Amino acid sequence: MKKILGILGLLVFVCVATALLSDRFLTEFNIENLIRRSALFGIISIGAAFVIITGGIDLSIGSVVCLVGCLFPWMLVEQGLSPPTALAIVAIMSLGIGLSHGLLITKLRLQPFVVTLCGLLIYRGLTRGIVNDQTQGFRGGYTMLRNLSQGQIPLPGTEFGIPNPCLILAVVTVAAAFFLNYTVYGRYLLALGRNEEATRFSGINTQRMVIVAYVICAALSGLGGLLFVLDVGSAQPVDFGSFYELYAIAAAVLGGCSLRGGEGTVLGVVIGAAVMQVLRNSITLIDWIPTNIEYAVIGAVILGGTIVDEVVRRLAAARKAPRADAKDKREDS
Amino acid sequence: MSDAQPTSSAPVLEVEDVTKRFGGVQALRGVSLAIRPGRVHAVIGENGAGKSTLMKIMAGVLAPDSGRLLVDGRPVELRSVQAALGHGIALIHQELNLCDNLDVGANIFLGREPRRWGTIDFAAIGQDAKKYLDAVGLNVPPDTLVGELTIAQQQLVEIAKALSVGGRVLIMDEPTSSLSQREVDALFAIIDKLRDEGAAIVYISHRLAEVQRLADEVTVLRDGEIAGRLQRHEINHDSLVQLMVGRDISQFYARRPHEVGEPVLEVRGLRTQAWPQHAVDLTVRRGEMVGLAGLVGAGRSELLRAIFGVDVPVAGHVRLHGKLLPTGRCRAAIEAGLALVPEDRKQQGLILPMAVRTNIGLPGLARHKIAGAILNRRREAEDTRRMIDAMRIKTSSPRQAVQNLSGGNQQKVVIGKWLAMDPWCLLLDEPTRGVDIGAKQEIYRLMEELAERGVAILFASSEMEEVISMSDLVVVMHEGQVMGELVGEQITEEAIMHLATGNTAATTGV
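Residues numbered from 1 in each chain as written. Chains lettered and ligands numbered in written order. Predicted model: local features only at pLDDT ≥ 70, side-chain atom pairs only at ≥ 80, totals over all residues. Heavy atoms only, no water.

Student: Please give an account of the overall build of chain A that cites residues and values.
Tutor: Per the secondary structure count, chain A includes 13 helices and four strands. Against the 2.2 N^0.38 benchmark of 20 Å for 333 residues, chain A shows a C-alpha radius of gyration of 21 Å, consistent with a compact globule. With the principal axes as the frame, chain A shows a C-alpha extent of 80 × 55 × 40 Å. Within chain A, the fraction of its 333 residues that count as buried is 49%. Put simply, 75% of the contacts in chain A that link residues at least 6 apart link residues at least 24 apart. As presented, chain A carries roughly 15,600 Å² of accessible surface, and 66% of it is formed by carbon and sulfur atoms. (Helix = DSSP H or I, 4+ residues; strand = E, 2+ residues; numbered from the N terminus. Rg over C-alpha atoms; globule rule 2.2 N^0.38 Å. Buried < 20%, exposed > 50% of the residue type's maximum accessible area, 1.4 Å probe, protein only. Contact = heavy atoms within 4.5 Å. Areas by Shrake-Rupley, 256 points an atom, 1.4 Å probe, with all protein chains shown as cover.)

Student: Can you tell me about the sheet that holds strand 20 (residues 456-460) of chain B, naming the residues and giving the values?
Tutor: Remark on secondary structure: sheet strands pair via backbone hydrogen bonds, oriented parallel or antiparallel. Residue and element names in this part refer to chain B. Here we have six strands laid out as an open sheet, ordered 18-19-20-15-21-22, and mixed in their pairing. Every interior strand has two partners, whereas the edge strands, strand 18 (338-341) and strand 22 (481-487), have only one. Mean inter-strand twist for the sheet, computed between neighbouring axes without regard to direction, equals 20 degrees. Here five bridges tie strand 19 (residues 425-429) to strand 20, and the two strands are oriented parallel to one another. When the sheet's bridge partners are listed, Leu428 is paired in strand 20 with Phe459. In the packing of helix 15 (residues 407-419) onto the sheet, contacts are made with strand 18 and strand 19, and the angle to strand 18 comes to roughly 170 degrees. (Pairing = 2+ DSSP bridges. Axes fitted to C-alpha atoms, helices over the stretch in contact; angles between N-to-C directions.)

Student: Lay out the packing of aromatic side chains with the relevant residues and their values.
Tutor: To describe a pair of aromatic rings, you give the distance between the ring centres and the angle between the ring planes. As enumerated under the stated definition, the model contains 13 aromatic pairs over all chains in all. Consider the rings of B:Phe188 and B:Tyr203, whose centres lie 6.4 Å apart with planes at 70 degrees: the pair is edge-to-face. Residue B:Phe188 is found in helix 6 (residues 181-196), and its partner B:Tyr203 is found in strand 10 (residues 200-204); the two are separated by 15 residues along the sequence. Of the aromatic side chains, those joined through ring pairs into one cluster are A:Phe41, A:Phe228, A:Tyr244 and A:Tyr247. (Phe/Tyr/Trp six-rings, centres within 6.5 Å; stacked < 30°, edge-to-face > 60°.)

Student: Break down the domain arrangement of chain A for me, citing the residues and quoting the values.
Tutor: Residues and elements named next belong to chain A. On domain assignment, one finds that chain A holds domain 1 (2-289) and domain 2 (293-333). If you average the C-alpha positions of domain 1 and of domain 2, the two centres end up 29 Å apart. Every contact between the two is made by ten residues of domain 1 and, on the other side, eight residues of domain 2. Both faces combined, the contact of domain 1 with domain 2 buries some 890 Å², and carbon together with sulfur accounts for 80% of it. Here domain 1 is connected to domain 2 by one salt bridge. Arg280 serves as the salt-bridge partner of Glu294, at 3.0 Å between the closest nitrogen and oxygen. Here domain 1 is connected to domain 2 by two residue pairs in polar contact (both at pLDDT 80 or more). (Domains from an automatic or database assignment. Buried area = accessible area lost by both parts, 1.4 Å probe. Salt bridge = Lys/Arg side-chain N within 4 Å of Asp/Glu carboxyl O. Polar contact = N/O pair within 3.5 Å; in protein donor to acceptor, adjacent residues only side chain to side chain.)

Student: Hey, could you go over the sheet that holds strand 6 (residues 89-92) of chain B for me, with residue numbers and the actual values?
Tutor: Residues and elements named next belong to chain B. Pairing within the open sheet is mixed, and its six strands lie in the order 6-9-10-3-11-12. The open sheet has two edge strands with one neighbour each: strand 6 and strand 12 (225-231). Neighbouring strand axes in the sheet, compared pairwise and without regard to direction, differ in orientation by 20 degrees on average. Where strand 3 (residues 40-44) and strand 11 (residues 217-222) come together, four bridges link them in parallel fashion. Within strand 11, the position partnered with Ala42 by the bridge is Val218. Against the sheet, helix 6 touches strand 3, strand 9 (169-173) and strand 10, its axis set at about 145 degrees to strand 10.

Student: Run through the nonpolar core, naming residues and quoting values.
Tutor: Residues A:Ile44, A:Ile46, A:Phe72, A:Leu189, A:Phe228 and A:Met276 are the most contacted members of the largest nonpolar core, which totals 97 residues. The contacts of A:Ile46, once residues within four sequence positions are left out, are A:Leu169, A:Val172, A:Thr173, A:Ala176, A:Leu220, A:Val266, A:Val269 and A:Val270. Among the nonpolar cores identified, the runner-up in size contains 69 residues, and B:Ile334, B:Leu350, B:Leu419 and B:Met447 belong to it. (Core = buried A, V, L, I, M, F, W, Y, C linked by side-chain atoms within 4.5 Å.)

Student: Give a description of the environment of A:Met93 that names residues and reports values.
Tutor: Residues and elements named next belong to chain A. When you line up the elements, Met93 lands in helix 4 (residues 83-106). Judged by its relative accessible area of 24%, Met93 is partly exposed. A C-alpha to C-alpha distance of 22 Å links Met93 and Tyr142, two positions 49 residues apart in sequence. Beyond its immediate chain neighbours, meaning those up to four positions away, Met93 contacts Leu67 and Leu71.

This is how it looks when you write it as structure tokens:
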């Protein structure tokens, strides 16, 4: 809970600052759009968090988003497949990608960084080859499907509505938080992230759990890709989803995951994803920040947050240490 | 066994009345030693006798608390390995300290590369390296990558490196521990040659046959003190063993006699990946405590891990209560009633940053899960409370991170996490390593209570007193092989040592 407070504070701070600096922030259109984008990024960030909790990394998230985001409309429009068939194919593709990452990392003991870096290159390259670099879109059709991302549940009595991706995120968040905190498998993931060997010596099949984490990550990346393309309506294979893995990893780290593994809360990661999106939004809205330094601003904020977090942790540890010493002495005597 | 030192040549290195403490452990107490040129001086002793500490002090790795070192009769302070090297004292590490991604020449001259115009003079390295490689009889080009050499060859590179810095005193720590017999013979020939050329060699080993073959004099350490010194003509197997052991242990821990029942754990033809050439057979009965003795590297940990199934054995099988366990699957072994308290508490036994409760609950999560997946937190809390009470684990709360507990309490958490599983057979690897005397006694009492309740116990220990006073049966291993079993009156320090150093039961006369 303490971890979430920090990131929640950062979110509130960025929101308030942007609202004060730009009168376009608190408009209905902007807020709704912001929530939708945050929800979409929240979904892929949860996926990244699962892998990071095992002490691994997934760099292929953006390319999986691209693969699904381009091939889904391509299958519907260019190949004339029915929506259920196309959905089944992208689902199998995503799960297969996660499974192959997991198998390569556990059975062949390849490094996660290398495996998923190759994935990043392979999936984007394949996508560009398959659709021949042509932008893929729904051409105004499939409104029912697109409603999944674009629609909203109206709040009675107001003009506002909750964007559908927000509901999907809520379901994913609850499921992920339940899995991580209330099932034995979530406990296995946290334990093996901290000490794989001791977890294995406790009779737990750690390889299987690592594979599960990569499958979850790829599945959520695929779901994200699907919702992203349904939202914007078309996907350009050269840059659709590019850098999204870095947004997802940054959100996970902001949300309290340690890249050393074994740490992280789902809610924190969701808030972390929101912080990233509000930051991007504020750079667009605030006139005196040039838009082209977006990455520099985001980088600086994440770095600043991490430094503050580390300093606070050290101060807390330093204050605790003398008391712990005193207690040890009592126990010894 | 005289204390008289031969006066043939002046000592190059002397250790005078050196003392060293680590926390509560007195590692060395008033140790004196004289190392002379042209002689091989063997230092022997059991695990924990103080051999490594003494050697590190001589090589400048550690500073003594009191006492002094003399080089060529003049007192010196060796504040670093560099300082020791400056006096010609070089340590050949047990774990080799070479960069295996660099070539032989680069390793020999690492940090002292000859330079020309600011760049490395490779021609000079090649020539000089060749000279030192010839001196140690290693016939490989200096531009061979160290990673491509055998362990024996790498060792020779280490010796060549020591010679290249003007090493006059070569300290060799268990140099033969990972060599084949042929490589050992070759190494001994080099040692003989270096000695004849006037080098002083300090040879640390627990292999008595090697000491007999090489040593001109022997110093025996026991519990941090000099137990005795032997000259060339006095060195034989019996005199060495007698000095290494010979301690009253009757007061160590008094066990109550108890009944031993039917076989619980049956290991048949088990071959570990580390020692696939030796098949191990072993039986532990209900209520029986079997001690697994042997020197460091005898293959005991590997055997326990293979029995438990956390390592996959090459061949053989394990039965628990007559039921065959699937090989290499520790989950199945745990559910059948097997448990392992591993050797490395911090790495294998515990997840240090996590709570006492989380650690104790971990093995049982799968057994107690609700509806196939959900954590049974109540059961976890109950098991934890039960274990904290039963084992008297001192912790401020079940939520306390294990890393904040003392070593003894951490070990109790490891044992507790397995007792919560109600095992039929408990495997323990060095159950009292790194815990204080009080916690040791508690762990012994606990082991005895478990045995009285009918649990079969198999424990590996490097502490002689522990093995002798706790075991109904002692199984002695040497290089992956069971050398013999000892029961009752046969269980003596001498008999264990004899088997542990590679002799068979037939020659012990027991």
